Amino acid sequence: MKGEVLMRVRASRLMLGVILAGVFLFLSVSGAMAVTAKMSYNGPPDEKNNAVHAFAVNFKKFVEEGTEGRLKIELFPDSQLGTEEERMELLMKSGLNQPIINIASFAGVAPVFPEIYASSVPFMFNSYEAAHYFFDNSRYWKRAQEEFRNRTGAVLLEAVEEGGFLAFTNSKKPIHRPADFKGLKFRAMDEGQIAIYKAFGASGTPIPWTELYMALKTGVVDGQMNPAMYIIIGSLFEVQKYMTLANIQYSDQFLVMNGDLFDSLSKEDQEVVLKAAKEANRISRKEVEEADAKQIEFLKEKGMEVYAPTPEEMEEFRSIGQPGYIEWLKSKVPSDWMELALECAENANKAVSGGN
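Bear in mind the structure is a predicted one, so any value in this text is a computation, not a measurement.

**Topic: the sheet that holds strand β1 (residues 35-40)**
Working step 1: Ordered by their spatial adjacency, five strands build an open sheet running β2-β1-β3-β10-β4, and the pairing between neighbours is mixed. Edge positions in the open sheet fall to β2 (71-76) and β4 (155-161), since each of these has one partner strand only. Averaged over neighbouring strand pairs, the angle between their axes works out to 20° when direction is ignored.
Working step 2: Packed on one face of the sheet, helix α6 (residues 139-152) meets β4 and β10 (252-257) and runs near 135° to β4.

**Let's talk about the side chain of Q249**
Working step 1: Topologically, Q249 is positioned in the loop between β9 (242-244) and β10.
Working step 2: Here S120 takes part through its backbone oxygen, which lies 2.6 Å from a polar atom of the side chain of Q249.
Working step 3: Residues within four places of Q249 in sequence aside, it is in contact with S120, P122, F165, L166, Q193, I196, M225 and Y325.

**A short note on the packing of aromatic side chains**
Working step 1: In total, this model carries 30 aromatic pairs according to the counting rule given.
Working step 2: Here the aromatic rings of F168 and F200 are separated by 6.2 Å at their centres, their planes lie at 80°, and the arrangement is edge-to-face. Taken together, the positions of F168 in strand β5 (residues 167-170) and F200 in the loop between α7 (191-199) and β7 (203-206) put the pair 32 residues apart, joining distant regions of the chain.
Working step 3: Residue class for F200 comes out buried when judged on its relative accessible area of 4%.

**Here we look at the pairing of β10**
Working step 1: With six of its six residues buried, β10 lies for the most part within the structure.
Working step 2: Note: strand β3 (residues 100-104) against β10, four bridges, orientation antiparallel. The residue bridging N102 from the neighbouring strand is V256, located in β10.

Cut-off values and rules
- Residues numbered from 1 in each chain as written.
- Predicted model: local features only at pLDDT ≥ 70, side-chain atom pairs only at ≥ 80, totals over all residues.
- Heavy atoms only, no water.
- Pairing = 2+ DSSP bridges.
- Helix = DSSP H or I, 4+ residues; strand = E, 2+ residues; numbered from the N terminus.
- Axes fitted to C-alpha atoms, helices over the stretch in contact; angles between N-to-C directions.
- Contact = heavy atoms within 4.5 Å.
- Polar contact = N/O pair within 3.5 Å; in protein donor to acceptor, adjacent residues only side chain to side chain.
- Phe/Tyr/Trp six-rings, centres within 6.5 Å; stacked < 30°, edge-to-face > 60°.
- Buried < 20%, exposed > 50% of the residue type's maximum accessible area, 1.4 Å probe, protein only.

Written out as structure tokens, the structure reads:
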């Protein structure tokens, strides 16, 4: 009797093993085994006020639908996976123990790829359309994607529009022209912004986004530079009085993906990821640009004094801020990268305006 029981148990185990092996083989052949990637970015999980989160939600949806669940994405907003530098370090690691996708600002990308600064020269683009053309079609962007992969092992997918063009805010006084910056202290997202403030006669101090509100509230700095969207999601209007719509830089971040994760996907699923990134970005661009004007009106209602410089004042900002930034950039970026970016930006401005 005991022997019969043992034989039955062994037979059952054998049958279970055959079944599990068959299931595993089926999943392997069909490509249905799912990989889950962690996707991290700055800002709260607020689709209405955080364009980066809205992008992430759409990207996740398009990837999971397009791969039929073979690649799943788990979202980690509010920098839950660490600071910009920590997330980039994690992203560049080899192996699939920690597959990660990241939406990084210049503060995350520039330490490992300073040539990205060449795409952020102040007053580089005359319009949203020109910026889109630059990041969709230019020789600079194609070269940047290739070099980023070679240097970091990670994949640079898209320049994600995060808000309108950057505006200045501060708590001390209205800023109408560069001379009004003198003596003020500003939070800088990166070294490039420090160079801009210095050109205008102000000082800049690197402060992480997560610490910005308290730095402004306690007077560590007087002001900062961000699009209206980020001023809202950070509640910076509570500690900032004056806003200047100088449209100094196109506001974007960068979608990057662990290289081993990307390479582990089939060619079909790689194409799904690429198309998902472009489609999510197309939607974000439309929504961001439509929302920008409404967000500025919201900030006015919250008590901020908003000023739009005249064409003459804008030219003064450009004539002082751009050379100062480019001079700083020379110490960080090879001249051929800077020249290529400026040439491609000029071509983009002409292309969207109908120029030759």
